[in-house]
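# Structural features, examined
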Amino acid sequence: MPKISVGRDDEDREEHGLKGTGIIGKHLVGEKEEAHKANSIHFDLARPHVMGVFGKRGTGKSYSLGVLAEEIQNTDISQNLSTILIDPMGIYWSMKRPNDRAAGALEEWDLTPEAFDAKVYIPEGKVRNFEEREMPYDDTFTLDPSELSAQEWSMAFNLEANSEAGILLERVISKLDESRDNYRIEDILNLMDRFDFPEEVKNRLENRFMNAQDWGIFGEKSTLDKLTEREELSIVDVSVFGEMGSGWSIRSLVVALLAKKVLRQRMTARRIEEIDEMEGLSENEMPIVWMLIDEAHEFLPRDGETAASHPLLRWVKIGREPGVSLALATQQPYKLHPDALSQADIILSHRLTAKQDIDALGNIMHTYMRHDIDHYIDALPDRVGTGLILDDNSERIYPLQVRPRKSWHAGGTPDAFED
Ligand SMILES: Nc1ncnc2c1ncn2[C@@H]1O[C@H](COP(=O)(O)OP(=O)(O)OP(=O)(O)O)[C@@H](O)[C@H]1O
Ligand SMILES: [Mg+2]
């Protein structure tokens, strides 16, 4: 039986074999409870991909995203990779601990529990919040307010761009952008005061900016560069902003600036790498960046737009050339932006039941497998961590069992039984 490797084309397979892949799980052969684990499913990590991770509640999406992060850390090309994991629920800090409770299950896979050298980043202004609640973190990050466009501000503030406040915002920001490279929120407030707009409009906008200062994400300059270090796994813990709509707007701003910055840096690096390649040098100028986003429909929704929508769509559409990869996890593929769905070249789908989500899954892949999706989902055994891998490259679909995590998964389902 040939080895299964998804996301890898024939040319790479011939030249590199399984170098630069990770193992996500094992192929399931047979149906329902009769299904048994067969070959390992390797997963290409060397080339840029857009990956979707789907499944209804509690089926293993966050867990699988963690498996992917572990594989990127453990692969033989990890020195050329860098991973950013966007963690809206604050569950990935536990990757620093070995998954001792699954030692038995791991042994069946010839694996052992392992702690990962992940770095948990939190917004600088929220340090006290984390410390009071004794939540672990390693470092902080800040964003530079002058890197935000008027449009991104208005999305973060939930303002109509053509409302009076929206227009004032646009004028203030473009004036500042013209005259200086760098400014702070106080500079925005000072300048706003000098514009001839109704006091009431000014006050409204002023309040929004004063709130923004409390988000704890803005600093003198952006420190996002440290999130793309070679071989590092950076967990961006944005759980602190709460479940309200405004919490998601703030998270989207963080993702927007991060996605823009990384893409820009990779585009520059790519040019240098190409020159190096011509001269026979092979070390990457900058690592290939994987961004793993949990609850991705909140950042790149089908309906409406967030500050992160445009930057993430750029990754999806042009990310192949500069070398950036995206993995988007969501309960409902139907709620994800259709361009992200149509550009996805690898899908890992755990069980889905809603018709519109199954249809969305069917629509992504070409007609060759559309009709089979229902059948494949029905045939999955009723166990956590089972799912389907759809590989656009080989035009194949594989039922699989995702492997157990080497590191601790903190997103488990709590129960109220007594010990
Ligand atoms: N591959 C696996 N092997 C063993 N257990 C797993 C696997 N995948 C998931 N689980 C178990 O299922 C539980 C739920 O998984 P997970 O937290 O990933 O769900 P989810 O799909 O992200 O759910 P939600 O939509 O609520 O975020 C995990 O805590 C874990 O115990
Ligand atoms: Mg989850």
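Residues numbered from 1 in each chain as written. Chains lettered and ligands numbered in written order. Predicted model: local features only at pLDDT ≥ 70, side-chain atom pairs only at ≥ 80, totals over all residues.

## Quick look at the overall build of the chain
Helices and strands together make up the secondary structure of the chain, namely 14 helices and 13 strands. Dimensions of the chain, computed from C-alpha atoms along their principal axes, come out at roughly 75 × 65 × 45 Å. Split into buried and exposed, the 419 residues of the chain put 46% on the buried side. Nonlocal contacts in the chain, meaning residues at least 24 apart in sequence, comprise 72% of its contacts between residues at least 6 apart. (Helix = DSSP H or I, 4+ residues; strand = E, 2+ residues; numbered from the N terminus. Buried ≥ 20, exposed ≤ 12 C-beta atoms within 10 Å, placed from the backbone. Contact = placed C-beta atoms within 7 Å.)

## Concerning the nonpolar core
By size, the foremost hydrophobic cluster in this structure holds 110 residues, and its most contacted members are V254, A259, L292, A327 and L328. Among the elements that take part in this core, helix α9 (residues 245-278) stands out by supplying 10 residues, more than any other. Counting only domains with at least three residues in this core, you end up with domain 1 (4-23 + 39-141 + 230-402) and domain 2 (146-214). When sequence neighbours within four positions are dropped, the list of residues in contact with L328 reads G52, V53, I293, A296, L300, L336 and A340. (Core = buried A, V, L, I, M, F, W, Y, C linked by C-beta atoms within 7 Å. Domains from an automatic or database assignment.)

## Observations regarding the site of ligand 1
Contacts to ligand 1 come from 17 residues, most closely from G60, S62, Y63, G385 and G412. In terms of residue class, the shell around ligand 1 is made up of four nonpolar, 11 polar and two charged. (Near = placed C-beta within 6 Å. Nonpolar A, V, L, I, M, F, W, Y, C, P; charged D, E, K, R; others polar.)

## What to know about the pairing of strand β6 (residues 118-123)
Taken across its six residues, β6 has five buried, putting it largely inside the fold. The pairing of β6 with strand β8 (residues 233-237) spans four bridges and is classified as parallel. The partner of K119 across the bridge, within β8, is S234. Bridge analysis of β6 against strand β7 (residues 139-141) gives three bridges, and the strand direction is parallel. Counted as the bridge partner of Y121 is D139 from β7. With helix α4 (residues 127-132) bridging β6 and its parallel neighbour β7, the resulting β-α-β unit is right-handed. (Pairing = 2+ DSSP bridges. Right-handed = clockwise from strand over helix to strand, strands pointing away.)

## Points about the domain arrangement of the chain
Segmenting the chain into domains produces domain 1 (4-23 + 39-141 + 230-402) and domain 2 (146-214). Facing the eight residues of domain 1 at the interface are five residues of domain 2. A breakdown of the residues in the side of domain 1 that touches domain 2 according to their chemical character gives five nonpolar, two polar and one charged.

## Some details on the packing of helix α6 (residues 164-179) against helix α7 (residues 185-193)
The geometry of a pair of packed helices is captured by two quantities: the angle between their axes and the separation between those axes. Viewed as axis vectors pointing N to C, α6 and α7 meet at an angle of 115 degrees, and their least axial separation amounts to 10 Å. Considered as vectors, α6 and α7 are oriented roughly perpendicular to each other. The hand of the α6/α7 crossing is right-handed. Every residue of α7 that contacts α6 at L168, V172, K175 and L176 is listed here: D187, I188, L191 and M192. Among the residues forming the contact of α6 with α7, the class breakdown is six nonpolar, no polar and two charged. (Axes fitted to C-alpha atoms, helices over the stretch in contact; angles between N-to-C directions. Parallel < 35°, antiparallel > 145°, perpendicular 65-115°, else oblique. Left-handed = near helix turned anticlockwise from the far one by under 90°.)

## A short note on the pairing of strand β10 (residues 324-330)
In terms of burial, β10 is a largely internal element, seven of the seven residues being buried. Side chains V324, L326, L328 and T330 of β10 all project onto a buried face; the interleaved residues S325, A327 and A329 project onto the opposite face, where all are buried too. Here strand β4 (residues 50-54) pairs with β10 via five bridges, running parallel. Across the sheet, the residue bridging to V53 is A329, located in β10. Relative to β10, strand β9 (residues 288-293) is paired through five bridges, and the arrangement is parallel. Looking at β10, one finds that I293 is bridged to L328. Considered for its hand, the β-α-β crossover made up of β9, helix α10 (residues 309-318) and β10 is right-handed.

## Digging into the environment of R271
Take R271: it is sitting in helix α9. Distance from R271 to E285, taken between C-alpha atoms, is 9.3 Å for residues 14 residues apart in sequence.

## Concerning unusual backbone geometry
The phi dihedral of K32 falls on the positive side, at around 45 degrees, and the residue is not glycine. With respect to the helices and strands, K32 occurs in the loop between β2 (21-29) and β3 (36-44). For N158, which is not a glycine, the phi torsion comes out positive at approximately 60 degrees. Structurally, N158 is set in the loop between α5 (150-157) and α6. Residue N158 is classed as exposed on the basis of its 10 C-beta neighbours within 10 Å.

## Examining the environment of H42
Residue position: H42 is located in strand β3. The buried category is assigned to H42, around which 21 C-beta atoms lie within 10 Å. Taking C-alpha positions, H42 is 7.6 Å from L18, a pair spaced 24 residues apart along the chain. Each residue touching H42, except ones within four places of it in the same chain, is listed here: K3, I4, S5, L18, T21 and I23.

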